[in-house]
Amino acid sequence: MKKILIMSLIVALYSCNGSAQKNKTSESEKATFNITKTEAEWKAELTEKQYYVLREAGTERAFSSPLNKNYDKGTYHCAACNTPLFESKHKYDSGSGWPSFDRVIEGNVAFSTDNKIGYTRVEEHCANCGGHLGHVFNDGPKETTGERHCVNGVALEFVPSNE
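So, here is what we can say about the structure in this document.

Quick notes on the rules
- Residues numbered from 1 in each chain as written.
- Predicted model: local features only at pLDDT ≥ 70, side-chain atom pairs only at ≥ 80, totals over all residues.
- Heavy atoms only, no water.
- Helix = DSSP H or I, 4+ residues; strand = E, 2+ residues; numbered from the N terminus.
- Contact = heavy atoms within 4.5 Å.
- Areas by Shrake-Rupley, 256 points an atom, 1.4 Å probe, with all protein chains shown as cover.
- Core = buried A, V, L, I, M, F, W, Y, C linked by side-chain atoms within 4.5 Å.
- Buried < 20%, exposed > 50% of the residue type's maximum accessible area, 1.4 Å probe, protein only.
- Pairing = 2+ DSSP bridges.
- Axes fitted to C-alpha atoms, helices over the stretch in contact; angles between N-to-C directions.
- Lys, Arg positive; Asp, Glu negative; His and termini not counted.
- Salt bridge = Lys/Arg side-chain N within 4 Å of Asp/Glu carboxyl O.
- Polar contact = N/O pair within 3.5 Å; in protein donor to acceptor, adjacent residues only side chain to side chain.

Side note on the overall build of the protein
Looking only at helices and strands, the protein features 4 helices and 9 strands. Its helices and strands taken in sequence order, the protein reads α-α-α-α-β-β-β-β-β-β-β-β-β from the N to the C terminus. Counted over contacts in the protein with a minimum sequence separation of 6, partners at least 24 positions apart contribute 54%. Carbon and sulfur atoms provide 54% of the accessible area of the protein, an area that totals close to 10,300 Å².

Observations regarding the nonpolar core
If you look at the biggest cluster of nonpolar residues, it comprises 24 residues, and the most contacted ones within it are Leu 54, Cys 78, Leu 85, Phe 86, Leu 133 and Leu 156. At the level of secondary structure, the elements contributing two or more residues to this core comprise α4 (48–54), β1 (74–78), β2 (84–87) and β9 (156–160). Excluding its chain neighbours within four sequence positions, the residues that come into contact with Cys 78 are Leu 54, Thr 83, Leu 85, Cys 126, Cys 129 and Ala 155.

Points about the sheet that holds β2
Sheet architecture is open: 3 strands sit in the order β2-β1-β9, paired in antiparallel fashion. For this open sheet the edge positions go to β2 and β9, each flanked by a neighbour on one side alone. Geometrically, the sheet is characterised by an average inter-axis angle of 30° between neighbouring strands, direction not taken into account. Of the pairings in the sheet, the one linking β1 to β9 comprises 5 bridges and is antiparallel in character. Its bridge partner lying in β9, Cys 78 is registered against Leu 156.

Section: the side chain of Lys 91
With respect to the element layout, Lys 91 can be found in strand β3 (residues 91–92). Although buried, Lys 91 forms no salt bridge, and the nearest oppositely charged side chain, Asp 93, lies 7.1 Å from it. Side-chain polar atoms of Lys 91 contact the backbone oxygen of Asn 68, separated by 2.8 Å. When residues no more than four places from it in sequence are discounted, the contact partners of Lys 91 are Leu 67, Asn 68, Lys 69, Asn 70, Tyr 71, Tyr 76, Pro 99, Ser 100 and Phe 101.

Description of the sheet that holds strand β6 (residues 121–126)
On the basis of which strands lie adjacent, the open sheet formed by 6 strands has the order β3-β4-β8-β7-β6-β5 and antiparallel pairing. Looking at strand neighbours, the two that pair on one side only are β3 and β5 (109–114), the edges of this open sheet. Note that β3 and strand β4 (residues 100–101) share 2 bridges and pair antiparallel. Note on β4: the bridge partner recorded for Lys 91 is Phe 101.

Structure (structure tokens):
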């Protein structure tokens, strides 16, 4: 009887670890990017905060980025690879504490799903290097796209316009 109970327990433990419970790889982790570097190379090139956000999908503290209130004309580039991601004419004050845009520069931002905090969100990445930028929400300006691209300022470099 003891052996049957032990065998039943072992079978139950193994059956609970089916493929549905395995961690799923996001689209961005499966994707290949034009720019690929080792983690050591990224760490050498990025600040500690940039590495945390861009390579580890971290989030900077709300209202901590000077880019949140920047309304100068120009383009916001990926801090890791200098790819243009957002235009200043599409930036707005969402009140969220992070730089927000109602659209991306087409082709330069990639999207995947993120379930890390218990519900599904749309995560956005630099399409060139895979760096984590932030998330997209459907509570943006209704008169334009209705989207709020909520981006970590530390993931961006602002390039002023020459106009």
